[in-house]
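# Tertiary structure, described
Okay, here's what each chain looks like letter by letter:
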Amino acid sequence: MDAAAEERLQQYIDGIGTVLGHPKRREAFASYTLGLRSDLERKSVEPIAALGVCQRSKSPARSADP
């Protein structure tokens, strides 16, 4: 994908994130989008969710929301 296409895609994704509003919805959308753009062989919900779980387990621990 060339730089202009990357920029258009980023603007499109940012626009969807703005419409989603709530941080949890934005987080879920971001995870799904990253999964679609990943090197996963299957781009269905289950492999994308598994990828998200693996990535979260590698990240530093976060405190629970109040």
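Within each chain, residues carry numbers counting from 1 in the order of the written sequence. Where local features are concerned, this predicted model is filtered to residues with pLDDT of at least 70; where side-chain atom pairs are given and counted, the filter is 80 or more; whole-chain, interface and lining totals use all residues. Water and hydrogen atoms were dropped before computing side-chain values, which therefore reflect all heavy atoms in the structure.

## Side note on the overall build of the protein
Helix and strand assignments come from DSSP, with helices taken as H or I runs of at least 4 residues and strands as E runs of at least 2, each series counted from the N terminus. Scanning the protein from N- to C-terminus turns up 3 helices and 0 strands. Its helices and strands in sequence order give the protein the pattern α-α-α, from N to C terminus. Summary of the burial criterion: residues with accessible area below 20% of their type's maximum are buried, those above 50% are exposed, and those between are partly exposed, where the area comes from a 1.4 Å probe applied to protein chains only. The buried share of the protein, taken over its 66 residues, is 14%. Computed by Shrake-Rupley with a 1.4 Å probe, the accessible areas treat only the displayed protein chains as cover when residues are assessed. Accessible surface, the protein as shown: approximately 5500 Å² in total, 58% of it carbon and sulfur.

## Describing the layout of surface pockets
Two kinds of site are reported from a 1 Å grid over the protein atoms alone, namely cavities, where a 1.4 Å probe fits but cannot get out, and pockets, open sets with protein on both sides within 12 Å along at least five of seven lines, and residues are called lining when an atom falls within 4 Å of a point. Grid points are joined across faces, edges and corners, and a volume is the space filled by probe spheres set on the points. What the largest pocket holds in volume is close to 210 Å³. Taken together, Glu6, Leu9, Gln10, Ile13, Asp14, Gly17, Arg26, Phe29, Ala30, Thr33, Leu34 and Arg37 form the lining of the largest pocket. With 6 residues, helix H1 (residues 3-20) is the single largest residue contributor to the lining of the largest pocket.

## Concerning the packing of H1 against helix H2 (residues 23-36)
Working note: a packed helix pair is described by the angle between its axes plus the distance between those axes. An axis is simply a line fitted to the C-alpha atoms; with a helix, the fit covers only the stretch in contact. Between two such axes, the angle follows the N-to-C directions and lies from 0 to 180 degrees. Packing of H1 against H2 leaves a shortest axis separation of 9 Å and a crossing angle of 150 degrees. On the basis of their axis angle, the class for H1 and H2 is roughly antiparallel. H2 is crossed by H1, and the crossing has right-handed handedness. Residues Ile13, Ile16, Gly17, Thr18 and Leu20 of H1 lie in contact with H2, whose contacting residues are Arg25, Arg26, Phe29 and Thr33. Looking at the contact of H1 with H2 residue by residue, the classes come out as 4 nonpolar, 3 polar and 2 charged. Note on angle classes: values under 35 degrees are labelled roughly parallel, values over 145 roughly antiparallel, values of 65 to 115 roughly perpendicular, and the remainder oblique. Crossings are classed by handedness, with left-handed meaning an anticlockwise turn of the near helix from the far one by less than a right angle and right-handed meaning a clockwise turn. The contact criterion used is simple: two residues touch if any of their non-hydrogen atoms lie within 4.5 Å. Each residue is assigned to one class: nonpolar for Ala, Val, Leu, Ile, Met, Phe, Trp, Tyr, Cys and Pro, charged for Asp, Glu, Lys and Arg, and polar for all the others, Gly among them.

## With respect to the environment of Ile16
Structurally, the position occupied by Ile16 is in helix H1. Once the C-alpha coordinates of Ile16 and Phe29 are considered, the two residues, 13 residues apart in sequence, prove to be 8.7 Å apart.

## Regarding H1
A helix's residues, less one, multiplied by 1.5 Å, set its expected span. With 18 residues, H1 should cover 26 Å at 1.5 Å per step; its first-to-last C-alpha distance of 26 Å lies within 8% of that length. Those residues of H1 that fall on the buried side of the exposure criterion are Ala5, Ile13 and Gly17. Buried residues of H1, seen end-on, are gathered within an arc of 110 degrees and therefore sit on one face of the element. Facing away from the buried surface of H1 by more than 90 degrees, the exposed residues are Ala3, Arg8, Thr18 and Val19. Phi turns positive one or two residues past the end of H1, at Gly21, with a value near 70 degrees. Of all possible arcs, the one meant is that of the directions from the helix axis to the C-beta atoms.

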